[in-house]
Each structure stands twice: as structure tokens, then as C-alpha cells.
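# Analysis of the macromolecular model
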Amino acid sequence: MPDIFRGVANELFLLMCSSQRAKAAVLTFLPILTWLPSYPVKQYLFSDVVSGLSTGVVQLPQGLAYAMLAAVPPVYGLYSSFYPVLLYTFFGTSRHISVGTFAVISLMIGGVAVREAPDSMFYTLPANGSNISAVLDVEARDAKRVQVAIVLTTMVGIIQIALGLLRFGFVAIYLTEPLVRGFTTAASVHVVISQLKYLLGVKTQRFSGPLSAIYSVKAVFSDITSANITTLILGLACIVFLYGVKDINERFKKKLPVPIPGEIIVVIVSTGVSYGLSLSEGHKVDVVGKIPTGLLPPAAPEFSLLPNLVTDSFAVAIVGFSMGISLAKIFALKHGYSVDGNQELIALGLCNFVSSFFKTFAITCSMSRSLVQESTGGKTQIAGLLASLVVLLVVVAIGFVFQPLPQTALAAIIMVNLLGMFKQFRDIPTLWKTSKIELAIWFVAFVASVLLGLDYGLLVAIAFAILTVIYRTQSPKSAILGHVPGTGMYCDLEEYEEAVEYEGIKIFHSNSSIYFANCDLYVNALKKKTGVNPEHLQAALKARKKQKEKVNYNHASPSKICGVTSEIVSNNHLMEEQRNCQSGEVHSVSDSEQSVFLKPPGDVTSIILDWTPVNFIDTVGAKAIKQEYAAVDVQVVIAGCSSKYYDDSTREVLNFFMNTDLVFPTVHDAVLHCQHSHPAAAPGIQMTREETIPSP
């Protein structure tokens, strides 16, 4: 019976454990379940409603504007401002970021869409066969670009979900802050250049790929004489108004209950002016055009386009995630909660993958909208849910109202929203003072992204950032340490005057790990700093051995030493010459030569390798040290191997080239050992041979 009860108890325990694990997995996958049941309605609801409405008012014009960057009709920007935001409410871990369309991601998508569906593919001749030049089929071109954007978004979602399930949330750390800021600054330059033609009303083609920014600027200014003055005046007026509103919001943000919605004011006023003055027909001002009412049914993407988009999908997925997680961590730190990088990957992946079946393009969080959502009192993603409902209302009911909206007004909205990005140029003097290497990363990311395009520029920037890591490990700072009297501290002799070096002991410190890429540099620095060059010692040893063999040979052949052969001298004379040579000439030569080679170049008896900053050492690094110092009569001791560092793998490497009895946890212990091994070791002339250093 007890066995039966024990078995039943084990089954119940396993069932309870399984249910707990299942519950934890569900809560991790659906973070909304962790806070929605305990949502404080009285405290949070009003703030979330105000924040949601304010964010939705901003999200609406940005969705229309960023669709232009993605090279798709404006209505698809509205779709992308609804479905992903709705999904993130359930799967996201951040309470304050606002996901949806974003300038950098939209521009990257637009570059791919233009590359895969350029205007040149859609010029057709008139059906009547007249001599009229070919006409651009705009509807066919836009349909193809929408397909490209949708397939790209599907692939981005799959990549992000896969990385999240594989716990690859840490990949964002490889996009260091200077790299991201330089990259986003370059993206802002691309965005502004792409909007010049809309601001001026110039008809030029859209370029993609390397040097596309230069080609775009050249195309705009070469055709600037055909600029539409009405378009330019309206666009500049919108820019001035938006800049003024942003300045007021910034100056009086503590006094204003909610920020002034400058974007929606521009959209409403410019739409009314365009409709009232018939700017499209009378003044040839480009407008948004047809906006279908209602939502489209789900449809499968055109997966035949997938092979050409894999590389671009990875770039968009990584950049989108890095933008999202960086802002999420900022707000989480400010408001005292945590975000899960892996769940954020899954959430963004689901937003992109599921939404792509409803004709959306890739999204991430927007800095400007997130600041609006947080500054207007948003507490949870209920604010994001309400913002998406504002966009849904426009799509379902009143989308047609915005058909007369001038494109130059949207260009003005995009340009003014990028002012914060251009403030990142202030990083240059700061990085110049703090870190030249990080400044180089920022500069390379900016220049490469401007000249080569955002996709190739990002790859170049990441490669350069990795090279800087290799450069830092290959250019470590090395020093000889000395003891500070009365303490257990060991400091650089060149930086601390009180540090004293012990006679016969050299303590070598290098702030880098030792592996195949820098082991030669480590050994060279070790030779230079300690003054113990194994090559010179071995050369002296060989010379000494050669001299000894010469002396032995002279003793064995005395007739040849004195220059007389045994055939022409008598035995007595031979013995006399031999005695003369041995007592005078030979001794004088051998003694003088032995005085050069028998005396070692220096009196170093022990070398202590301070491995306190060393994270790892591979067999190549171990072999390099072994080959240099194995045959030298100098004791090599290792210090600074902590219990966490001195694991099984490291112990095997150490056993590879030296006795592990000569490995000590601190430099102080290593010095004590060397003093007992060689009692003559003392700090200069201040201590006798019998004394040892005090314990710390």
C-alpha cells in the first residue's frame, strides 16, 4: 500500500509541476495575462484613454507618410498602423512603446521594393500603336511593389520568431550604440533626400542600391527648374508650422496636459485647403489619391519572390528588433519593470508575420510616437490598443476624406519628425573626447550607409565593429608591476612612483586574453618589458657550448693549437709547447670568451604572468609561451587564476605547457613563492635576502 500511495503522490507531483510549467509558458507567451486581470481601472484607464487617443492622432498621419517611404500606396500604411499594434498588445512585454510604421524600416523596405520592381519594368506602349512615348503603368507597378513588401514582411516575421524561439535576443548587443546612432543618422539623410522631390513637386525616379543618395540628389537638382511653386510653398508652410509646434511642446511639456497634435492639424488643414482650392486639378499638386474603404481579406503572400529577399529580410529583422528593444529597455528602466528580449523578438515576429497576410509591411516601434504615448500618461498597452482603434475608424469609415491630402504635407511631417535623428551629429565631439574607436564606428556606419545604402552599410558597419574588437585584443596595454610598500597592491612602475620592483622578479601584466590572434604580440611585449629574450639566451648558450667544444678539442689536439705537427718536432718539445699553450695562451682566450657568454644578460630568476584580466587562453597561446620559455632557466609563474576562471578546460591548457603547482590565485602569493624559491629576490636594496614582503 505505501508503494501505491507513493506512486500516486509522484504522479500528482509531476502533474502539478507540468501544470505550473504550462502556466509559466502561457504567461511568458502572452504577457497580457500577467497584468490585465489585475488592471487598476480607476487609476490607469483615464490615462490610457488620453494617451491612446493622442498616439492614434499621431499614428494616422505617420502611417500615411511612411507608406510613401515604403514605396506603396498610403492605405497600406494605415493597415500597418492597425494590425501589428493590435497584436503587440497581447504579445509584447513593454508597456510604453508604440509599434507601427517607422521611417528607417519603411525606407529599407522601399529600397527593396524599388530594386525588385523599378519603373523601367512597367512602361507600356499605347494600344492604338501611335508614336506617343511609352506610359508608366502606375497601378501595375504599385501592385508589384506591394507584393514585394508583403513577402519581405513575412520573411522578417519568420526570422524574428525563429530567433526568439532559439533565445537569440542577445543579438542586439552586437549592434553597439554608436553603430545604431550612426546608422539611423545615415537613414535620416536617405529619408530627407527621398522626400525632396515631394517637397519640390519634381518628377524623378526613385533610386536604390549603392550611391542611390547621390543619384537622387543629382536627379532632383538637375530638374529643379520644373519645381511646382504651389507645392513648395505649401510644404515649407507645413514644415514651419510643425517645427513651431514641436518647439512649443518641448518648451511647455510640463504645463501642457497633452502635446499639441501638430501632425493631425497639418493633415486636416492641408486636406481642406487642397480640396477647397482644387490644388490637384488647378495647380498640379500631387495628392494621396484613392484610399479604399474597409479592410482587405487575408491572402497568402507571393512566395515566388522570396529567394531575392533573404538577405534584406535579415537586415530589416535585426534593425527592427534593435530599435524596439533599445526603446523598450529605456522606458522599462525609467518606470521600474523589465522586458524580455526573446519575447520581444517573438512579439515583433508575430506582428509582422500574421499582419503580412492582411497586406501590411514590416514594422517596429517609433521613437516619436513612443514618447507621445509615454508623456501623455500611458500606463499599459491599452493605450496602444486604443490608438489602433483610431486608425481602424479611419480605414473603415472616413478614409476617403484624406484623398485630397497633398503629398508635400506628408513629406513635411516626415522631415520634421527626423529632427531628433539629426541631433545625433552631436555625438561626434563627445565621442572624440571619450573614445576614438567608438567615433570610428559611428563614422563608418554613417558614411557606409549613406554611400552604399542601408543594407550594405549595415553589413559594413557590423564588420568594422567586429574588427575594432579584434584590434583592441591585439593592441593591449602591458606593464611591469611593482609592489607598493606596506600593502598587498601591485601597480604599474611607470605610473606609480612608490611601486618597487623586486630583485630577480618581473611581474608582467597585459589587459587582454591570450589566443591565436594576439599570442605573438603578447610574447613580444613580454620579452620587451621583462628584458628576458629567450632567443638571446639560447644564442649565448650555443656560443658557450661551441667555445667549450673548442677548448676540449684543443686539449685533445695540442699540436694543432701551437701550429706545429707531431711529425716534425720531438716529443719533449711537443710537451713543452703544450704546457706553454695550456698555461698561458689558451687560458687567456678561453677566459675572456667565457666571460662574455657565461654571464646571462640580466639577473631575472622568475617571471610572474598576471592573468587577472585574462578571460581565456587557447592552446596556440599556450604553445607560443612554451616554445619561448621552456628551454630557458627562468621560472615562469602564473597569477590571477580565480576559481571561476580556472576551470577544467583552462586547467588542460595550463597543463599543456607548465606545472599547475606554479599557478597562484593572486600576484602576492606568486611573489612569495618566487622569494622562497630564490631567496635573493628582494625589493631593490631596501631589504635583505632573508626578508620577505609583508602580507597584505
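My aim in this report is to walk through the structure given alongside it, one point at a time. Bear in mind that the values here come from a model prediction, so they are computed numbers and not experimental data.

## Some remarks on the overall build of the protein
When helices and strands are counted, the protein shows 28 helices and ten strands. Counting all 696 residues of the protein, 47% fall into the buried class.

## Some words on the environment of phenylalanine 314
One can find phenylalanine 314 in helix α13 (residues 310–335). Given a relative accessible area of 42%, phenylalanine 314 falls into the partly exposed group. In the structure, phenylalanine 314 is positioned 141 residues away from aspartate 455 in sequence and 9.5 Å away in space, judged by C-alpha atoms.

## Re the pattern of salt bridges
Under the criterion given, the structure shown has 14 salt bridges. The partner of arginine 115 in a salt bridge is aspartate 312, and the shortest N-O contact between them spans 2.8 Å. Here aspartate 312 lies in helix α13 and arginine 115 lies in helix α6 (residues 103–116), a separation of 197 residues in the sequence. Given the relative accessible area of 6%, aspartate 312 is considered buried. Between arginine 141 and aspartate 119 there is a salt bridge; the shortest N-O distance is 3.2 Å. Pair noted here: arginine 141 is in helix α7 (residues 138–165) and aspartate 119 is in the loop between α6 and β2 (123–124), with a separation of 22 residues, a long-range link. We classify arginine 141 as buried; its relative accessible area is 15%. A cluster of three or more residues bridged by salt bridges with shared partners is formed by Asp119, Arg141, Asp142 and Arg145.

## Describing helix α9 (residues 212–222)
For α9, the full list of buried residues reads Ser212, Ala213, Ser216, Ala219 and Val220. Axial view of α9: buried residues confined to an arc of 130 degrees, hence all on one face. The outward face of α9, more than 90 degrees from its buried face, is lined by the exposed residues Lys218 and Ser222.

## So, a nonpolar patch on the surface
Together, Leu211, Ile214, Tyr215, Leu451, Leu452, Tyr456, Leu459 and Val460 make up a nonpolar patch on the protein surface, roughly 670 Å² of accessible area in all. Topologically, leucine 452 is positioned in helix α20 (residues 436–452).

## Concerning the packing of helix α19 (residues 427–434) against α20
Two elements in contact, α19 and α20, have axes separated by 6 Å at closest approach and are oriented at 150 degrees. Of the residues in α20, those touching α19 at Asp427, Ile428, Leu431, Trp432 and Thr434 are Lys436, Glu438, Leu439 and Trp442. Per-class residue counts for the contact of α19 with α20 are five nonpolar, one polar and three charged.

## Remarks on the sheet that holds strand β7 (residues 505–510)
Each strand in a sheet pairs with another by means of backbone hydrogen bonds, the pair being arranged parallel or else antiparallel. With mixed pairing, six strands are arranged side by side in an open sheet as β6-β5-β7-β8-β9-β10. Edge positions in the sheet fall to β6 (490–492) and β10 (663–664), since each of these pairs with one other strand and no more. Summarising the sheet, strand β8 (residues 606–610) and strand β9 (residues 635–639) pair through five bridges and their orientation is parallel. Its bridge partner lying in β9, leucine 609 is registered against isoleucine 638. Of the strands in this sheet, β6, β7, β8, β9 and β10 are in contact with helix α28 (residues 667–677), which crosses β9 at around 155 degrees.

## Topic: the layout of surface pockets
Approximately 1,100 Å³ is the volume found for the second largest pocket. If you go around the second largest pocket, you meet 36 residues; those closest to its centre are Val138, Arg141, Asp142, Tyr198 and Gln407. Contributing elements (two or more residues each) for the lining of the second largest pocket: α3 (41–69), α4 (74–80), α7 and α8 (177–200). Sorting elements by how many residues they give to the lining of the second largest pocket places α7 first, with seven residues.

## Observations concerning the side chain of threonine 380
Checked against the element boundaries, threonine 380 lands in the loop between α15 (367–375) and α16 (382–398). In this structure threonine 380 comes out as buried when scored by relative accessible area, which is 5%.

## Regarding the pairing of β8
Taken across its five residues, β8 has five buried, putting it largely inside the fold. The alternating pattern of β8 places Ser606, Ile608 and Asp610 and Ile607 and Leu609 on opposite faces, both of which are buried. As defined by bridge partners, β7 adjoins β8 across five bridges and the pair is classed as parallel. Across the sheet, the residue bridging to histidine 509 is aspartate 610, located in β8.

What counts, and where the lines are drawn
- Residues numbered from 1 in each chain as written.
- Predicted model: local features only at pLDDT ≥ 70, side-chain atom pairs only at ≥ 80, totals over all residues.
- Heavy atoms only, no water.
- Helix = DSSP H or I, 4+ residues; strand = E, 2+ residues; numbered from the N terminus.
- Buried < 20%, exposed > 50% of the residue type's maximum accessible area, 1.4 Å probe, protein only.
- Salt bridge = Lys/Arg side-chain N within 4 Å of Asp/Glu carboxyl O.
- Arc of directions from axis to C-beta.
- Patch = residues over 30% accessible without salt bridge, like charges linked within 9 Å, V, L, I, M, F, W, Y side chains within 5 Å.
- Areas by Shrake-Rupley, 256 points an atom, 1.4 Å probe, with all protein chains shown as cover.
- Axes fitted to C-alpha atoms, helices over the stretch in contact; angles between N-to-C directions.
- Contact = heavy atoms within 4.5 Å.
- Nonpolar A, V, L, I, M, F, W, Y, C, P; charged D, E, K, R; others polar.
- Pairing = 2+ DSSP bridges.
- 1 Å grid on protein atoms, 1.4 Å probe; cavity = no way out; pocket = protein on both sides within 12 Å on 5 of 7 lines; lining within 4 Å.
- Points joined across faces, edges and corners; volume = space filled by probe spheres on them.

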